[in-house]
Amino acid sequence: ISVAKYKKNTIKITMDQRVLEAVNSDNVAELHQIFSSSWQSLGQGEQKALSANFVKAALASPEFLAKAFAGTENDNVNQALETFKACLSQLPSTVENMADNTIRLKLFDLLVELQDFIEAANILSGYRFDEDESSPYYSTPDVQADIYVKIAECFLHEDEIVEADAFVIKAGAAVQTLSMMNTMKDDQENNFADEHISIILRYKSVYARILDKNRKFLSAASRYYDLSALGSQTDIIESDDLLEFLGRAATCAILAPSSSQRQRILGMVYSDERLGELDSLSHFATHSSILSKMYREQVIRRDQDLIQFEDSLADHQKAIMGDGLTIFQRALIEHNMVAASQIYSSIYFTALGQLLGLSTEKTEKIASKMILDGSLKAFIDQVDGILCFDGQEDSHAKKLIEWDGAITSFCMQMNSVVDQVRQNV
């Protein structure tokens, strides 16, 4: 038994020497041979020890990582990546100075530079955290948020939305902890005036984009608009980026299903003094016109502006839904349905279908759904095939009363001014 143990230790020492010599000579092929087959003769404990030694050796070498992932030879890069993945999957419970976390960060940067975003995210997703402050793997909330956001950004870049969503949720928990810590600082006025602003903004940006990709346009519009309004709180975001966020908020607000919340967000974007500036950006050139009509609940007919708007949409925003309509077509139909309620007290479905460019049956089906979800106040007379809008007369009467009240208030103020002038004379 002692002889066998001696031979095993000798093999382990020999393999450690081979790893060290291969790292010092930048011999990726030799390392790949070791970690793909040669180390199979070792026990699990010896494999973990060998992996830890390789990680520390790779970090100690000033040029090894750069040369291994130089990108000039695809086989060399692939072998290096496979070697590190094998090594990082077999590590002891702790590695001195958390060298495995350090190597993951370095590999992440190298893979991002090579635009291999999926592998970069997968490598970094193994980053070890510990809530125990005495642990070498203890990480503060800002470090946790930064790691999770980096992973989410990479997955999002490759449209891996499920994975990106999972990591942005983890980042959200860390950001929430970070924000709570910031508010507890005596010298802190708000969450945006601290050294962690960059992480918080990156998280908010990724989260908004994931909501957008998941077609949760109402929530995405709200998040984008919040980001676009941060110019008054920080100067870390360029004005062009703020305008880009405003344009995305407009896009998502237009695409969102008809509701009172959507009308509120449309109102915020409509009231923003920068809305007209979107016309100068080719991919947002028609947004201000369409959004303004939607907010004012005007009937929108298909014209060149609508065609240009549709052409500017991203692929996921052009998806065809289960009813055969695109997302924008559905949003436009629902909008025009509500706009018609501002013009008519009732309307035949045949006439409404002509207005919307739909068959009578499809028009009635969409109207029924909108009535059920509360986005359209109306009822259907199926006998005569009529859509009757609720409260249309009341709405007009309310507007007249408001107008009359405004005139009365103005006249009273004018009389007061005249009286004061007379007194002074």
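The structure displayed is predicted, hence computed values, not measured ones. (Residues numbered from 1 in each chain as written. Predicted model: local features only at pLDDT ≥ 70, side-chain atom pairs only at ≥ 80, totals over all residues. Heavy atoms only, no water.)

Let's talk about the overall build of the chain
- Helix and strand content of the chain: 19 helices and three strands.
- Burial status across the chain gives 42% buried among its 425 residues.
- Relative to all contacts within the chain whose residues are 6 or more apart in sequence, the contacts with residues 24 or more apart total 61%. (Helix = DSSP H or I, 4+ residues; strand = E, 2+ residues; numbered from the N terminus. Buried < 20%, exposed > 50% of the residue type's maximum accessible area, 1.4 Å probe, protein only. Contact = heavy atoms within 4.5 Å.)

Here we look at the nonpolar core
- Residues Phe 35, Phe 54, Phe 64, Phe 69 and Phe 84 are the most contacted members of the largest nonpolar core, which totals 64 residues.
- Apart from the residues lying within four places of it in its own chain, the contact partners of Phe 84 are Phe 54, Ala 58, Phe 64, Leu 65, Phe 69, Ile 103 and Leu 107.
- Counting residues in hydrophobic clusters, the runner-up holds 40 residues, among them Cys 252, Ala 253, Leu 255 and Leu 266. (Core = buried A, V, L, I, M, F, W, Y, C linked by side-chain atoms within 4.5 Å.)

Here's the deal with the pairing of strand β2 (residues 378-381)
- When β2 meets strand β3 (residues 386-389), the two strands line up antiparallel, connected through four bridges. In the sheet register, Ile 380 faces β3, and the bridge partner there is Leu 387.
- The loop that links β2 with its antiparallel partner β3 comprises four residues; one of these, Gly 385, has a positive phi angle of about 65°. (Pairing = 2+ DSSP bridges.)

A short note on the pattern of salt bridges
- Scanning the entire structure with this criterion turns up 16 salt bridges.
- The closest approach of N and O atoms between Arg 248 and Glu 244, which form a salt bridge, is 3.5 Å. In this pair, Arg 248 and Glu 244 both sit in helix α12 (residues 239-255), four residues apart, roughly one turn of the helix.
- Owing to a relative accessible area of 27%, Arg 248 belongs among the partly exposed residues under this scheme.
- Across the salt bridge formed by Arg 330 and Asp 323, the nearest N and O atoms sit 2.2 Å from each other.
- Assessed through its relative accessible area of 18%, Arg 330 is described here as buried.
- Taken together, the shared-partner salt bridges connect Asp 146, Lys 150, Glu 153 and Arg 202 into one network. (Salt bridge = Lys/Arg side-chain N within 4 Å of Asp/Glu carboxyl O.)

Observations regarding unusual backbone geometry
- The backbone of Asn 97 sits at a positive phi, close to 55°, despite the residue not being glycine.
- Here Asn 97 shows up in the loop between α5 (74-88) and α6 (99-113).
- In this structure, Arg 215 is a non-glycine residue whose phi angle is positive, near 65°.
- When you line up the elements, Arg 215 lands in the loop between α10 (197-213) and α11 (217-228).

Concerning the confidence of the model for the chain
- Looking at the chain as a whole, its pLDDT mean stands at 86, while 85% of the residues score no less than 70.
- For the chain, the element scoring lowest by mean pLDDT is helix α19 (residues 392-424), at 60; helix α7 (residues 117-124) scores highest, at 97. (pLDDT = per-residue confidence, 0-100.)

Section: a negative patch on the surface
- A grouping of Asp 130, Glu 131, Asp 132 and Glu 133 is seen on the molecular surface, where their side chains present a negatively charged patch.
- In this structure, Asp 130 sits in the loop between α7 and α8 (141-157). (Patch = residues over 30% accessible without salt bridge, like charges linked within 9 Å, V, L, I, M, F, W, Y side chains within 5 Å. Areas by Shrake-Rupley, 256 points an atom, 1.4 Å probe, with all protein chains shown as cover. Lys, Arg positive; Asp, Glu negative; His and termini not counted. Charge placed at Lys NZ, Arg CZ, Asp CG, Glu CD.)

With respect to the packing of aromatic side chains
- This model, assessed by the stated rule, comprises 14 aromatic pairs.
- Geometrically, the ring pair formed by Phe 54 and Phe 64 is edge-to-face, given 6.3 Å between the ring centres and 80° between the ring planes. Here the residue Phe 54 occupies a position in helix α3 (residues 44-60), and Phe 64 occupies one in helix α4 (residues 64-68), the gap between them amounting to ten residues.
- What makes Phe 64 buried here is its relative accessible area of 2%.
- Each ring, one from Tyr 127 and one from Phe 129, has its centre 5.1 Å from the other, and the planes form 45°; the classification is tilted.
- According to the relative accessible area criterion, Phe 129 is partly exposed, its value standing at 26%.
- Members of the aromatic cluster, connected to one another through ring pairs, are Phe 35, Trp 39, Phe 54, Phe 64, Phe 69 and Phe 84. (Phe/Tyr/Trp six-rings, centres within 6.5 Å; stacked < 30°, edge-to-face > 60°.)

Observations concerning α8
- Across its 17 residues, α8 extends 24 Å between first and last C-alpha, which sits within 8% of the 24 Å expected from 1.5 Å per residue.
- Every buried residue of α8 is listed here: Pro 141, Ala 145, Asp 146, Ile 147, Tyr 148, Val 149, Ile 151, Ala 152, Cys 154, Phe 155 and Leu 156. (Expected span 1.5 Å × (residues − 1).)

Here's the deal with the side chain of Asn 101
- Mapped onto the fold, Asn 101 is located in helix α6.
- Among all residues touching Asn 101, those that are not within four sequence positions of it are Tyr 127, Arg 128 and Tyr 137.

So, the side chain of Ser 375
- Its location among the elements puts Ser 375 in the loop between α18 (360-372) and β2.
- You can call Ser 375 buried: its relative accessible area is 15%.
- Engagement of the side chain of Ser 375 in a polar contact is seen with the side chain of Asp 373, the distance being 2.6 Å.
- When neighbours within four sequence positions are excluded, Ser 375 is seen to be in contact with Ser 258, Val 338 and Met 370. (Polar contact = N/O pair within 3.5 Å; in protein donor to acceptor, adjacent residues only side chain to side chain.)

Things to note about the sheet that holds β2
- Ordered in space as β1-β3-β2, the three strands form an open sheet in which the pairing is antiparallel. The sheet is open, and its two edges are formed by β1 (346-348) and β2, each paired on a single side. Adjacent strand axes in the sheet meet at a mean angle of 20°, parallel and antiparallel pairs treated alike.
- The strands touched by helix α17 (residues 349-356) within the sheet are β1, β2 and β3, with β1 carrying the most contacts at an inclination of about 85°. (Axes fitted to C-alpha atoms, helices over the stretch in contact; angles between N-to-C directions.)

Concerning the packing of helix α13 (residues 260-271) against helix α14 (residues 287-295)
- Between α13 and α14, the least distance of the axes is 9 Å, while the angle of their chain directions is 130°. What the angle tells us is that α13 and α14 run oblique. Crossing geometry of α13 relative to α14 is assigned as left-handed. Contacts between α13 and α14 involve Arg 262, Gln 263, Leu 266, Gly 267, Val 269 and Tyr 270 from the first element and Leu 291, Ser 292, Met 294 and Tyr 295 from the second.
- Residues belonging to the contact of α13 with α14 are distributed by class as follows: six nonpolar, three polar and one charged. (Parallel < 35°, antiparallel > 145°, perpendicular 65-115°, else oblique. Left-handed = near helix turned anticlockwise from the far one by under 90°. Nonpolar A, V, L, I, M, F, W, Y, C, P; charged D, E, K, R; others polar.)

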